[in-house]
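A closer look at the structure
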Amino acid sequence: MKKSAFLLATFLSFSLSGWAQTERLHQIHQNIQSVFYEPSTGLYKETNDTAHNEKPHSYLWPLCALVQAANEMEVLEPRASYLQPVLHTIQQYYNANPPAPGYQAYVTKEMTDTRFYDDNQWIAIACLDAYKRNKQPSYLKTAELIYKFMLTGYNQRGGGGIYWKEDDKTTKNTCSNGPGILIALQFYKLRKDPKDLQTALELYRWTNQQLQAPSGVYYDAVKLPSMKIDSAIYTYNTGTMLQSNVLLYELTKDQTYLKEAKRVAEAAKNHFYRNHKFPGNYWFNVVLLRGYVELFEVDKDPQYLRLFAKDAERIWKEEKDQQHLVGPRPWKSLIDQAAMLEMYARLEALKGKI
């Protein structure tokens, strides 16, 4: 093959590859809107099978995945509006009850429900990411509201830490403390208030002391008042703590945090990446990916990100139905579509780097 023909073929190959990835993202987003979205109410269904829908509409948790996915789509398409419609839906979960406003687990007009600290935190993280991109005051306002609500769940029972949900004082979880660290650090980065850094460090030390396994990954929760550990280990818990270590390094320049981030990163790979794939919960895995992306921005080592890219391709090949709905089960869920939308968008943003 002549050199010019080879270069043309190579160019077309890359172009078609990029086109295919863009089409994949738009296909998933279109499926979310056509299969799960209910235009008459502005709400979503949790799955595409009524037999698996506990309630008429989705709980807040899948929207916590969708709001971050929407942000990552706007990273790729800055002029598009993916995020605002999701935040508009999330407003239907708003609950202004004392001690501070926040978002409850289910649609407010349909019932009064508990408020999970981690559900709220995921929304704040997405809003802070969006604010960093475009400086829209409404995103910062939402994050500030959630930050205040989050801190109402913090006390010294068990030595510190944030509860998992507002009406349950028996458990403090990695999933409500890892994201809390990330929010506090993002606010410290924005306004340089030492109180934000102090909050982050208190949560960081408590979580490491109470919930980190010797290998470097993280247990799920500590039960109160017994202080018994729930030793389940999920990708997303390790993901938030990996990302926390990298952010702490970036903000303080203390090499200890970077060294710990690398230890946690290797521990997570050894624990979770088995038989050439990550565990079956897509959304848990994409939160772990966030930590690895943060580490890559510092050390430029693509080894871990390549594992996610391989697994993401496997999922598209093996765990997709004829409608291009993804998921390991015959019925498909909103949270799985949102998780893979974020996964593919993040990997697309890294194209050419890994």
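Heads up: these notes are all about the structure in this document. All of these numbers come straight from a predicted model, not from anything done at the bench. (Residues numbered from 1 in each chain as written. Predicted model: local features only at pLDDT ≥ 70, side-chain atom pairs only at ≥ 80, totals over all residues. Heavy atoms only, no water.)

**Side note on the packing of helix 11 (residues 303–318) against helix 12 (residues 334–349)**
Contact geometry of helix 11 with helix 12 gives a least axis separation of 11 Å together with a crossing angle of 130°. Considered as vectors, helix 11 and helix 12 are oriented oblique to each other. Relative to helix 12, helix 11 is oriented so that their crossing is left-handed. In contact with Leu305, Phe308, Ala309, Ala312, Glu313, Ile315 and Trp316 of helix 11, helix 12 contributes Met340, Met343, Tyr344 and Leu347. (Axes fitted to C-alpha atoms, helices over the stretch in contact; angles between N-to-C directions. Helix = DSSP H or I, 4+ residues; strand = E, 2+ residues; numbered from the N terminus. Parallel < 35°, antiparallel > 145°, perpendicular 65-115°, else oblique. Left-handed = near helix turned anticlockwise from the far one by under 90°. Contact = heavy atoms within 4.5 Å.)

**Quick word on the pairing of strand 6 (residues 168–173)**
As judged from the two bridges shared by strand 5 (residues 163–165) and strand 6, these two strands associate in the antiparallel manner. The residue bridging Lys165 from the neighbouring strand is Asp168, located in strand 6. Taking the residues that link successive antiparallel strands as the turn, the strand 5-strand 6 hairpin has two residues. Of the pairings in the sheet, the one linking strand 6 to strand 7 (residues 219–223) comprises three bridges and is antiparallel in character. Paired with Lys172 across the bridge in strand 7 is Val222. (Pairing = 2+ DSSP bridges.)

**Considering unusual backbone geometry**
Going from Pro98 to Pro99, the amide bond is cis rather than trans, its omega being 10°. Of note, Pro99 is situated in the loop between strand 3 (94–95) and strand 4 (102–103). In the segment running from Leu224 into Pro225, the intervening peptide bond is cis, with an omega of 5°. Relative to the assigned elements, Pro225 resides in the loop between strand 7 and strand 8 (229–233). A positive phi is found at Lys253, a non-glycine position, where the angle reads about 65°. Inspection of the secondary structure puts Lys253 in the loop between helix 8 (235–252) and helix 9 (255–272). When its relative accessible area of 57% is taken as the criterion, Lys253 is described as exposed. (Buried < 20%, exposed > 50% of the residue type's maximum accessible area, 1.4 Å probe, protein only.)

**Here we look at the packing of helix 9 against helix 11**
At a minimum axis distance of 11 Å, the contact between helix 9 and helix 11 shows a crossing angle of 30°. Relative to helix 11, the element helix 9 is oriented roughly parallel. Of the two possible hands of crossing, helix 9 and helix 11 adopt the one that is left-handed. Here Lys262, Ala265, Glu266 and Lys269 of helix 9 come into contact with helix 11, specifically with Gln303, Tyr304 and Leu307. Grouping the amino acids of the contact of helix 9 with helix 11 by side-chain chemistry returns three nonpolar, one polar and three charged. (Nonpolar A, V, L, I, M, F, W, Y, C, P; charged D, E, K, R; others polar.)

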